[in-house]
Amino acid sequence: MFKNYFKTAWRNLWKNKMYSGINIFGLAVGLSACLLIGIYIIHELSYDKFNKNAARVVRVTMEYEMAGTVNKIATTGTKVGPQFKRTFPSIEEYVRTFIIHNVIKQGDKVFDEPRILYADEAFFKIFSFHFIEGNPATALDARNKMVITRSMAKKYFGDEDALGKTLTTAGKDFTVSAVCEDVPKNSQIKFDFVTQFLNLGNGVNEETWWTANWITYLLLHDDKNISQLQQQVNDYMKSTPVRKEAGVEGNNYLSYHLEPLTRVHLYSSLPGFEPNGNIKNIYIFSLIALLILIIACANYTNLATAQSSGRTAEIGMRKVMGSSRKQVFFQFISESLVITLFAGTLSIILSIILLPYFNKIAGTQFSALVFGQPLLITTLIIFSLLISFFAGFYPALILSGTKAISVLKKGFAFTGGKNVLRKSLIVAQFSISAILIIFTIIILQQMNFMKTKDLGYNKDHIVVLPIGGKMLNNFQNLKDAFTQVPGVEAVTASYETPEYVQWGDAITVRDEKGKHDISLHAMPVDLDFVKTMQMKLIAGRDFQKSDFGMMDTSNNYQNYRQPYLINETLAKKIGWTPEQAIGQTIEKAATGPVVGVVKDFNFSSLHDPIGPLLIFLNRDFSRDFMLRINGSDVQPTLNRLEMVWKQRVTDRPFNYHFLDDAYNKLYQAEQRSSALFSVAAVIAIILACLGLFGLAAFTTVQRTKEIGIRKVLGAGAGSITFLVSKNFLQLVVLAMIISVPVAWLISSKWLQDFAYRINISWWVFLAAGVAAILIAFLTVSFHSIRAAIANPVKSLRTE
Amino acid sequence: MIELKGIYKWVNTGNHRTFLLKDVDLSVKEGEFISIMGPSGSGKSTLLNVIGMLDAFDEGEYNFLHESVHKLKEKQRSSLYKQYIGFVFQAYHLIDELTVYENIETPLIYQNIKTSERKAMVADILDRFQIVGKKDLFPTQLSGGQQQLVGIARALIANPKLLLADEPTGNLNSKQGEEIMRLFKQLNDEGMTIIQVTHSEKNASYGSHIINLLDGMIQDN
C-alpha cells in the first residue's frame, strides 16, 4: 500500500516539475534557515553545560549603592570567595579568576597572548576541562605551575613534550604542569594559559570586599542549596559587623547575587570575560526561522490546492475503484512527505554551502561537522514530518473529500470557490515579508546614522597602540618619538579610549541644598587629548605642560592640585555656565581647578544619553597611546611607526588598532541583527514571490478559455494582463496595509533602546510597499502577459 | 437483481423544478445485457449513475440484490458498489501516472488483497485480454481502443456481478468500437450482467434488451 502511495507521489512530482521544484526549493530554503538558526540556538543553549558540576556552580555578582547610585557588576573583591567558604558550610570550593593580556616568552619565541587566566587552585576541580597530560588535582598546587592548552603546547613547543618546560610572563618563570584540550567554544571562561590567582601580585594577597576586579565562582555541595545560600548571603551582608568591616554606612548597601553557571550566558545582564548571549535573541532568531518556514509551507499548501483542480477526475476514479477517503488522504500526505524529504535532504546541502556566510553574519565559527549532531538530525526529521503533515493536511483533507461522481462531471474545480485560505496565506506571506523589509530598512538607517553621527570628536584615522610592561617608565621619550614620525599629526594617551568610557567615579558639590555627591564617569588623559581627538572647547583651554607643576607629589601630596576638564553636561549639572566653570574647584580625593569645558561628546554607546564626565590630567594611568595620523598616508605611516616601535619597545610586539574599528565593534550586536534581518527579508520576499509565480501560472492555465473568449470578443493585451494580475495585486496591497502599523510598532520599539536615533519617515513604508507591489506585479505579469499575447484559437481548441 | 420503483430525480432552478428522472420503473435480472438509449439530455447517464450508486435520487425505491439501497447510508452504499459493480467510462479515466499493470491492480489494492494474489489476478486478466505486452506502458502510450480495453480489464478485475458502461465506444472509431462490443457480448455470454448507455442502434443490438429514455421517462416499447 505505502509502496503504491510513494510510487504515485513520485510520478506526480515528476510530471509537474515546475511546481515540485518551487515546493522543494522553497521548503529547502525554509528548512535551511531553520537548520542554521537551529545550530546557533543549540550552541547558545549548551553554554557551560559540558561542566560535570554545572548545576552546582554559581557565579557571584556584586550590587552596591554609593552616592545615590546603584551599581551592579560581575566582578567581586578578593574576600568574597574565601570568606564565604569559611562562613557557609554548603560551599565546597571557590575560585577567583582574572584574564590578562600579556606577552609570553619561551626561548626566543615571543607572542602577545590575550587569554592568560589567573585562577585559584580549585579551578580544575570546579570546571571540567579535559586533560591530555598532567593531573587536574595538582596542576595548580604551586605558584610556579602553569597549565596550557593543546594549541599553545604546539605553538611554543612544536612536537616536543611540553610538560616540565618553562614559559616566562610578567617577569616570572613558570613550569608547564599539564596540557589540556582547547577550551570548548561554549565555555564562558576561555583561556590558553592558567596559573595561580595569587601570581597577580601583592594587590590580591590581601582579602578585601572592594577593589572588585575578579570574577568569583562557587561550587556548592548540592544544587538544591542555591536559594538557601542566597538567603544566608543576604542576611550576612546586612549584619552590622560585616557592614562595618566593608565600610558601608547609612542607606548604602553591599550585596551579592548567586547566578547559576548555566544561566549566566543567556540570562545575566552582566557580561563576564566575554559578552553574554541573550535569550531575547534566541527568541527573535527562532521567530524568524519560523516565519520563513511558514512562508515556505504556505507555498506548498497553496500550490497543492491549486493543482487539485486537475486531479479531481483521478480522485473520483480512485473512489469508483473502491478507495476510501482515508486512503486518498494518505496518498496526498505521502506526496507531501516525499516533497519534504527531498527538501530536507536539499536543505542539509544548502546549509553546508551557506554555513560560512552564516558564520559571518552571526559571528560564530561552526564547522560543517555540526550537521552530524544526532539532536539536529532528529529535529530535522521531526520537523520534516510535521511540515509534511501540516502543509499537506489541508489539501489532502479537501481532495480526499472529492465525490466519486465528480469523475463524470467536467469543470468541477475547488479552485473556483472563494479560496479564503489561499488568499489569507498570500496576505500572510506578503505581510511578513513587508514587515521584515520595513524593519530592515529602519535598522540599516539607524546603523548608518550611528556610523556617521557627529560624536563630538573625530574618530577617523586614530591609531591606538596599547601601553604595557616598561613603556610607562619611558613615556615621554616614546611620545616624542611617535610625534616625530612623518604622517603623525598629534599624540596623546589615556586610560580608556573615548568611544567607551567605563570608569565610574563621584565628586562632591556644595550648593544651596548643602553638600552632596554627583556620580559621573571619569577619564585620566595625557596632554594634547582635546587636540588629538579634535574635540571642541567651549570655554577655557586644553591641559598644558605647566599644569604638571600643580601636581606636586612632594610632602606626601600636601600641595597636590589636580587640573580638570569637564564636559558641558557636568557643568550644567553642577549649575555653572561654561564660562563660570573656569577656575572653579572640583572636590574629590584629589582637589583641583577646572581649566576648560569641552563640548559634549559621546563617550558611551549611543543607547545611552551623554552623562557628566570628568577628564583629569594623569599620564601614569595610561593604557593606550592614541595617534592622529594623516589620512592620505596611512600604510607608510604605520610602517614607519612599526620601525620606531621595534627600536624602542623590544619586549612587546607591534600591535595596533584603529579607533573607528573599536567604535564599530560597540554595535556588533546591531550589525548582526541588521545582517540577519536583511537576509531574512530577502528570503521571505523571494519565497513569497515564488509561490505567487506558481499560483499565477495555475490561474492563467485555468482561465485560458476565458481569456480566449475575451480576446475573440476584442479585449486588448493590456486589459487581459490587468485582468489576471488584478486579483493577486489586491491581496498584496491588503498585505501592505496590514504590515504598516505592525512594522511601525516593532521599529519604534526597537529604536526606543537608542538615546540617539533616527525619526521613522513615512517614505520608508511607501517605498517598501511600492517595491513589494512592483515585485509581485512583475512576478505575476510573466504569466499574464504570456496569456494575453497567446493566440485565442489555440486556447479555445483545448475544449 | 435490480428493482427500481418510481424513481424521481430533480434539480431546482429558482422556483422551477427540472426533472432528470421521472417515475422510472426498471427491473434487471442476472445475466441480462441492457442498452439504455435516448437523445442528449434524456437522462441516460443519470440513470446509469443512480444504478451505480454514484449519484443519489430524490424519491422512489431501489433494491439491489435484496438490499434496499434507498435506506442505506452513504458509506454502506459505497461498500456495496465497490463489491458488486464495475464501471467503464467513455473517457476511460485511466490514471495517467500509473502503468497499465498498476491501473488494473489499483482496485485490488483498495480491497487489501495480498501482493501475491494481486499478481496472479492481474496476470490472469492481462492474459485474457491479450495485453501482457503492454503492461508496463502508460495510458498516454496506448491507442483509444487499447485504453478502453484496460479500462474494462480494470472494471472486471475485482469480479463484479454488474458492469456499467457509459458510452464505452463514444471516443473510439468504428473498428475499435466493434471489438469492444464483441468483448461485451462475450462477457455477457459468460454470465456477466451488463448495462450500457449508447447512442448507436448497432451497439444496442448487441444487448438483450433496449430501454428508450426521453426527458427522464422510460418510453413504452
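Residues numbered from 1 in each chain as written. Chains lettered and ligands numbered in written order. Predicted model: local features only at pLDDT ≥ 70, side-chain atom pairs only at ≥ 80, totals over all residues.

## Brief notes about the overall build of chain A
Next, step 1: When you go through chain A residue by residue, the secondary structure sums to 25 helices and 22 strands.
Next, step 2: A principal-axis box enclosing the C-alpha atoms of chain A has dimensions of 110 × 65 × 55 Å.
Next, step 3: Burial statistics for chain A: of 799 residues in total, 39% are counted as buried.
Next, step 4: Relative to all contacts within chain A whose residues are 6 or more apart in sequence, the contacts with residues 24 or more apart total 82%. (Helix = DSSP H or I, 4+ residues; strand = E, 2+ residues; numbered from the N terminus. Buried ≥ 20, exposed ≤ 12 C-beta atoms within 10 Å, placed from the backbone. Contact = placed C-beta atoms within 7 Å.)

## Regarding the overall build of chain B
Next, step 1: The number of helices and strands found in chain B is seven helices and 10 strands.
Next, step 2: Dimensions along the principal axes, computed over C-alpha positions, put chain B at roughly 55 × 40 × 35 Å.
Next, step 3: For chain B, with 221 residues in total, the buried portion stands at 41%.
Next, step 4: Taking as baseline every contact in chain B between residues at least 6 positions apart, the subset at least 24 positions apart corresponds to 71%.

## Points about the interface of chain B and chain A
Next, step 1: On the chain A side, the residues contacting the 14 residues of chain B number 18 residues.
Next, step 2: If you tally residues by element for the side of chain B that touches chain A, the top one is helix α3 (residues 100-110) of chain B, at four residues.
Next, step 3: Each residue belonging to the side of chain B that touches chain A can be placed in one class, and the counts come to seven nonpolar, four polar and three charged. (Nonpolar A, V, L, I, M, F, W, Y, C, P; charged D, E, K, R; others polar.)

## Re unusual backbone geometry
Next, step 1: The backbone of H461 of chain A sits at a positive phi, close to 60°, despite the residue not being glycine.
Next, step 2: Its place among the elements puts H461 of chain A in the loop between α13 (420-452) and β12 (462-466).
Next, step 3: A positive phi angle is found at E167 of chain B, which is not glycine, with a value near 45°.
Next, step 4: Mapping E167 of chain B onto the fold places it in the loop between β7 (162-166) and α6 (174-189).
Next, step 5: With 20 C-beta atoms packed within 10 Å, E167 of chain B lands in the buried category.

## A look at the sheet that holds strand β3 (residues 33-37) of chain B
Residues and elements named next belong to chain B.
Next, step 1: The sheet built from six strands is open, its strands ordered β6-β7-β8-β3-β9-β10 with mixed pairing. At either margin of the open sheet sits one strand with a lone partner, and together these are β6 (85-89) and β10 (217-219). Each strand axis lies, on average, 25° off the axis of its neighbour in the sheet, ignoring direction.
Next, step 2: Here three bridges tie strand β9 (residues 209-214) to β10, and the two strands are oriented antiparallel to one another. Directly across from L213, in β10, lies its bridge partner I218. (Pairing = 2+ DSSP bridges. Axes fitted to C-alpha atoms, helices over the stretch in contact; angles between N-to-C directions.)

## Some words on the packing of helix α9 (residues 279-307) of chain A against helix α21 (residues 668-702) of chain A
Residues and elements named next belong to chain A.
Next, step 1: Where α9 meets α21, the closest approach of the two axes is 9 Å, and the angle between their N-to-C directions is 5°. When the axis of α9 is compared with that of α21, the two are roughly parallel. Residues I288, L291, I292, I295, A296, A298, N299, N302, L303 and A306 of α9 pack against L676, A680, I683, A684, L687, A688, L690, G691, G694, L695 and F698 of α21.
Next, step 2: Of the residues that constitute the contact of α9 with α21, the class distribution is 17 nonpolar, four polar and no charged. (Parallel < 35°, antiparallel > 145°, perpendicular 65-115°, else oblique.)

## Some points on the confidence of the model for chain A
Atom-level detail of predicted coordinates should not be read off regions where pLDDT is low.
Next, step 1: Across chain A, pLDDT averages 88, with 97% of residues at or above 70.
Next, step 2: Within the model, the stretch residues 411-416 of chain A combines pLDDT values under 50 with 10 contacts to residues more than four positions away or in other chains. (pLDDT = per-residue confidence, 0-100.)

## A short note on the nonpolar core
Next, step 1: Among the nonpolar cores identified, the biggest contains 94 residues, and I292, A434, I438, A680 and A684 of chain A are the most heavily contacted of them.
Next, step 2: When contributions to this core are tallied by element, the ones reaching two or more residues are α2 (17-45), α9, α11 (325-362), α12 (374-400), α13, α21, α23 (717-751) and α24 (762-789) of chain A.
Next, step 3: Element by element, the count of residues in this core is highest for α21 of chain A, at 17 residues.
Next, step 4: With near-sequence residues (within four places) excluded, A680 of chain A lies in contact with I288, I292 and L436 of chain A.
Next, step 5: Residues V69, V122, I152 and I195 of chain B belong to the second largest nonpolar core, which totals 61 residues. (Core = buried A, V, L, I, M, F, W, Y, C linked by C-beta atoms within 7 Å.)

## Here we look at the pairing of β3 of chain B
Residue and element names in this part refer to chain B.
Next, step 1: A large share of β3 lies buried, amounting to five of its five residues.
Next, step 2: The two faces of β3 match: F33, S35 and M37 on one face and I34 and I36 on the other face are all buried.
Next, step 3: As paired elements, β3 and β9 share four bridges and run parallel to each other. Along β9, the bridge assignment pairs M37 with N212.

## Side note on the environment of A123 of chain B
Next, step 1: Within the element layout of this structure, A123 of chain B appears in helix α4 (residues 115-128).
Next, step 2: Owing to 14 C-beta atoms within 10 Å, A123 of chain B belongs among the partly exposed residues under this scheme.

## Quick word on the sheet that holds strand β1 (residues 2-13) of chain B
Residue and element names in this part refer to chain B.
Next, step 1: Pairing within the open sheet is antiparallel, and its four strands lie in the order β2-β1-β4-β5. The open sheet has two edge strands with one neighbour each: β2 (16-28) and β5 (67-68).
Next, step 2: Looking at chain direction, β1 and strand β4 (residues 59-64) are connected through five bridges and run antiparallel. Within β4, the position partnered with Y8 by the bridge is E59.
Next, step 3: Against the sheet, helix α1 (residues 44-51) contacts β1 and β2, and its axis sits at roughly 60° relative to β2.

## Quick notes on the packing of α9 of chain A against α12 of chain A
All names here are of chain A.
Next, step 1: Remark: α9 packs on α12, axes separated minimally by 9 Å, with the N-to-C direction vectors making an angle of 20°. Taken together, the axes of α9 and α12 are roughly parallel relative to one another. For the element pair α9 and α12, the recorded crossing hand is right-handed. Residues C297, Y300, T301, A304 and T305 of α9 lie in contact with α12, whose contacting residues are I387, F390, A391, G392, Y394, P395 and I398. (Left-handed = near helix turned anticlockwise from the far one by under 90°.)

## Comments concerning the environment of P82 of chain A
Residues and elements named next belong to chain A.
Next, step 1: Inspection of the secondary structure puts P82 in helix α3 (residues 80-87).
Next, step 2: When the C-alpha positions of P82 and L218 are compared, they lie 9.9 Å apart, and in sequence the two are 136 residues distant.
Next, step 3: Dropping the residues within four chain positions of it, P82 is found in contact with Y94 and E207.

## Remarks on the pairing of β1 of chain B
Residue and element names in this part refer to chain B.
Next, step 1: Relative to β2, β1 is paired through nine bridges, and the arrangement is antiparallel. For I2, the partnering residue across the bridge sits in β2 and is V28.
Next, step 2: From the end of β1 to the start of β2, which pair antiparallel, there are two residues, and G14 there has a positive phi angle of about 65°.

## Examining helix α10 (residues 312-320) of chain A
Next, step 1: Here α10 of chain A lies mainly inside the structure; nine of its nine residues are buried.
Next, step 2: Among all positions in α10 of chain A, only T312, A313, E314, I315, G316, M317, R318, K319 and V320 of chain A are buried.
Next, step 3: Taken together, the buried residues of α10 of chain A touch α11 and α12 of chain A together with β6 of chain B.
Next, step 4: Of the residues trailing α10 of chain A, G322 of chain A is marked for its positive phi of about 110°.

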